[in-house]
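Working through the structure, step by step
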Amino acid sequence: MATTLVSGVQYSGIWTMQQVNAAIAASTWPVAPNPPIAAGLASWGSNSVGQLGLGDTLSRSSPSQVGSLVNWLDLASGRFHSISVKTDGTLWTWGSNSVGQLGLGNTTNYSSPKQVGALTAWLTIAGGYYHTIAVKTDGTLWTWGQNGSGQLGLGDTSARSSPVQVGGLTTWSTVAGGDESTAAIKTDGTLWTWGYNAQGQLGLGNTVNRSSPVQVGALTNWSMVTMGKYSTVSVKTDGTVWSWGYNIVGQLGLGNTTYYSSPKQIGALTNWLIVSSGGYHTSSVKTNGQLWSWGFNNSGQLGDGTNVVKSSPVQIGSLTTWYKVDNGTTFGVALKTDGTFWSWGSNGSGQLGLSNTTVYSSPKQVGTVTTWSKLSAGNTNVLAILT
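The model shown is predicted, which means the values in this text are computed figures rather than measured ones. (Residues numbered from 1 in each chain as written. Predicted model: local features only at pLDDT ≥ 70, side-chain atom pairs only at ≥ 80, totals over all residues. Heavy atoms only, no water.)

Some words on the overall build of the chain
Broken down by element type, the chain carries one helix and 30 strands. For 387 residues, the compact-globule estimate of 2.2 N^0.38 gives 21 Å, and the C-alpha radius of gyration of the chain, at 20 Å, lies within 12% of that figure. For the C-alpha atoms alone, the extent of the chain along its principal axes is close to 65 × 45 × 30 Å. Of all 387 residues assigned to the chain, the portion counted as buried reaches 54%. Long-range contacts, defined here as pairs at least 24 residues apart, represent 48% of the contacts in the chain between residues at least 6 apart. Summed over all atoms, the accessible surface of the chain reaches about 14400 Å², with 54% contributed by carbon and sulfur. Charged side chains of the chain number 17 positive and 12 negative; the gap between the two group centres comes to 3 Å. (Helix = DSSP H or I, 4+ residues; strand = E, 2+ residues; numbered from the N terminus. Rg over C-alpha atoms; globule rule 2.2 N^0.38 Å. Buried < 20%, exposed > 50% of the residue type's maximum accessible area, 1.4 Å probe, protein only. Contact = heavy atoms within 4.5 Å. Areas by Shrake-Rupley, 256 points an atom, 1.4 Å probe, with all protein chains shown as cover. Lys, Arg positive; Asp, Glu negative; His and termini not counted. Charge placed at Lys NZ, Arg CZ, Asp CG, Glu CD.)

In C-alpha cells:
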C-alpha cells in the first residue's frame, strides 16, 4: 500500500512492483491506480480519440469508470467509436466521428458520452468499422456513418451523420457490422446482408457490393450473426454454425483457406450458441459452456496458449463455465457464469485490462470483481458493464 501526492492530490491504493520501480527510477510517482468500480460502465485500452468515454485521450491498462451512472443496458464498439443504450431507451455514443458514425449530426470527436437525439426507443445496437447500426423497440432499422460501399443499406453510397431509417419494415431483430459490411436478422429468422462484398462476405454467392438489404438464401432459422474484417459467421436455431467470406488464415473454421461466397457449415455439431469475430479470427461459446476459437493467432488471440493459426475450431481449456465472448481485432474478452472477466491476446494499448501491456496467449482474469454482466471489444479497447 502506498500513499503519495500527485499534482497536489493525495492518492492511496495498491501499487504493482512495476509501478513502484518506475516511480523510483523517475524520482516521482506515476498516476495513481484506478479506484474500484462498484457498478456502472467501465472502459480500458486505447483512447486516442476518446473512445473510452473518460473525458480525455489517455489510454488505460485497467478498468476505469465512465461517469457515475448505473443505468447502462447494452454496449457495442466500432473500430474507434463506442455505442451504448441505457435502461431508459436513450442512445449514447462517443469516440471517433470522422464520418459521422456517432450520429450527432456532425463529424466532431467526443471523449465523453453524448446522447443521440432525444428518443427513448432504442433497443439493439452494433458497430461497424466506421458506421453504426441500431434497432428500435418498434422493430425499425436505422444506420449512420461511413457508406462508401453501401453499408448503411440506404440504396446509395453517401455518408450520414444522423440516424436514417432503412426502408419501412418493423421486423428487424439482430444486427452486426463489419468493415464496410452489415448483416441483420429479422424476427422471422431470415438473414440479410449489404455493403462491401469483394470477398463474398455477404453470403450471396457472388462478390458484388449491395447498397440495400439482400436476403441470404431462403432459410428462416438464423439466430445470431457476427462479422469480421471480410468474413461472416452465423448460428442457426438448430445450433449449427456457418461461415463465409475471406479465409486467408482459416478464419472460417472449415479446415482450409478457401474463400466461400455462400454459407458453409462448420463441422456437424448442433450445440453452438454465441459467436464473435475479430479481425481475422472467431470465438464461440457452446450451449455446454465451453469456449472455442479459430483463425489467425499471431498475438495469441485464440487463447489456446499458442501463436499457431487454427483453421478448425479448437477448445480453450476444459472449463464449461463460459457465458459471453467478444473479440477485438487481435484479442479476446469473455465472461464466466460466476461474473468474472477474462482476456487474452494482443495488449499493446493495455486492452486486456491487466495493468500492463504484456501479450497473453491464454485467458487471464481481470481483477477479482464478480459482477461483470456485459462486454464489448473495439479495435484495441474494451467496454464493460458491472451490475
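Observations concerning the nonpolar core
Core analysis: the biggest nonpolar cluster contains 16 residues, and Ala42, Trp44, Phe331, Val333, Phe341, Trp372 and Val382 have the highest contact counts within it. Among the secondary structure elements, those contributing two or more residues to this core are β3 (40-45), β26 (331-336), β29 (372-377) and β30 (381-386). (Core = buried A, V, L, I, M, F, W, Y, C linked by side-chain atoms within 4.5 Å.)

Description of the sheet that holds strand β14 (residues 181-186)
The strand order across the open sheet formed by four strands is β13-β14-β15-β16, and the pairing between neighbours is antiparallel. Whereas interior strands pair on both sides, the edge strands pair on one side only; in this sheet they are β13 (172-177) and β16 (210-215). Strand-to-strand twist in this sheet, taken as the mean axis angle between neighbours without regard to direction, amounts to 20°. (Pairing = 2+ DSSP bridges. Axes fitted to C-alpha atoms, helices over the stretch in contact; angles between N-to-C directions.)

Let's talk about the environment of threonine 340
For threonine 340, the position within the fold is in the loop between β26 and β27 (341-345). C-alpha separation for the pair threonine 340 and glutamine 301, spaced 39 residues apart in sequence, amounts to 19 Å. Reaching out from threonine 340, the side chain makes a polar contact with the side chain of tryptophan 342 at a distance of 2.7 Å. (Polar contact = N/O pair within 3.5 Å; in protein donor to acceptor, adjacent residues only side chain to side chain.)

A short note on the sheet that holds strand β21 (residues 272-277)
Read from one edge to the other, the open sheet built from four strands follows the order β21-β22-β23-β24, with strand pairing classed as antiparallel. Since the sheet does not close on itself, it has two edges, and those belong to β21 and β24 (310-315), each with one partner. Taken over all neighbouring pairs, the strand axes of this sheet differ in orientation by 20° on average, direction set aside. Inspection of the sheet shows β21 paired to strand β22 (residues 281-286) by five bridges, in the antiparallel sense. Across the sheet, residue serine 276 finds its bridge partner in β22, namely serine 283.

Some words on the packing of aromatic side chains
Taken as a whole and judged by the stated rule, the model has 21 aromatic pairs. Taking the centre distance of 6.0 Å and the plane angle of 70° together, the rings of tryptophan 122 and tryptophan 144 count as edge-to-face. In this pair, tryptophan 122 sits in strand β9 (residues 122-127) while tryptophan 144 sits in strand β11 (residues 141-145), placing the two residues 22 residues apart along the sequence. When its relative accessible area of 5% is taken as the criterion, tryptophan 122 is described as buried. Ring geometry for tyrosine 230 and tyrosine 246: centres 5.8 Å apart, planes at 80°, overall edge-to-face. Remark: tyrosine 246 occurs in the loop between β19 (241-245) and β20 (260-265) and tyrosine 230 occurs in the loop between β17 (222-227) and β18 (231-236); sequence separation between them is 16 residues. (Phe/Tyr/Trp six-rings, centres within 6.5 Å; stacked < 30°, edge-to-face > 60°.)

Remarks on the side chain of lysine 286
With respect to the helices and strands, lysine 286 occurs in strand β22. Despite its burial, lysine 286 pairs with no opposite charge; the closest candidate is aspartate 238, at 13 Å N-O. Excluding residues within four positions of it along the chain, lysine 286 makes contact with Leu269, Asn271, Trp272, Leu273 and Trp292. (Salt bridge = Lys/Arg side-chain N within 4 Å of Asp/Glu carboxyl O.)

Digging into the side chain of lysine 310
Mapped onto the secondary structure, lysine 310 falls in strand β24. A polar side-chain atom of lysine 310 sits 3.1 Å from a polar atom in the side chain of threonine 306. Looking at lysine 310, its side chain comes within polar contact range of the main-chain oxygen of valine 308, at 3.2 Å.

Focus on the confidence of the model for the chain
Per-residue confidence for the chain averages 93 on the pLDDT scale, and 91% of its residues sit at or above 70. Confidence over residues 27-31 falls short of pLDDT 50; this stretch has 13 contacts with residues more than four positions distant or in other chains. (pLDDT = per-residue confidence, 0-100.)

So, the environment of glycine 295
By the element assignment, glycine 295 lies in strand β23 (residues 291-295). It is 27 Å that separates the C-alpha atoms of glycine 295 and glycine 150, two residues lying 145 residues apart in sequence.

Focus: the environment of tryptophan 292
Along the chain, tryptophan 292 falls in strand β23. Tryptophan 292 gets classed as buried once you look at its relative accessible area, which sits at 17%. Separated by 149 residues in sequence, tryptophan 292 and threonine 143 have C-alpha atoms that sit 31 Å apart. With near-sequence residues (within four places) excluded, tryptophan 292 lies in contact with Trp272, Thr282, Ser283, Ser284, Lys286, Pro313, Val314, Gln315 and Ile316.

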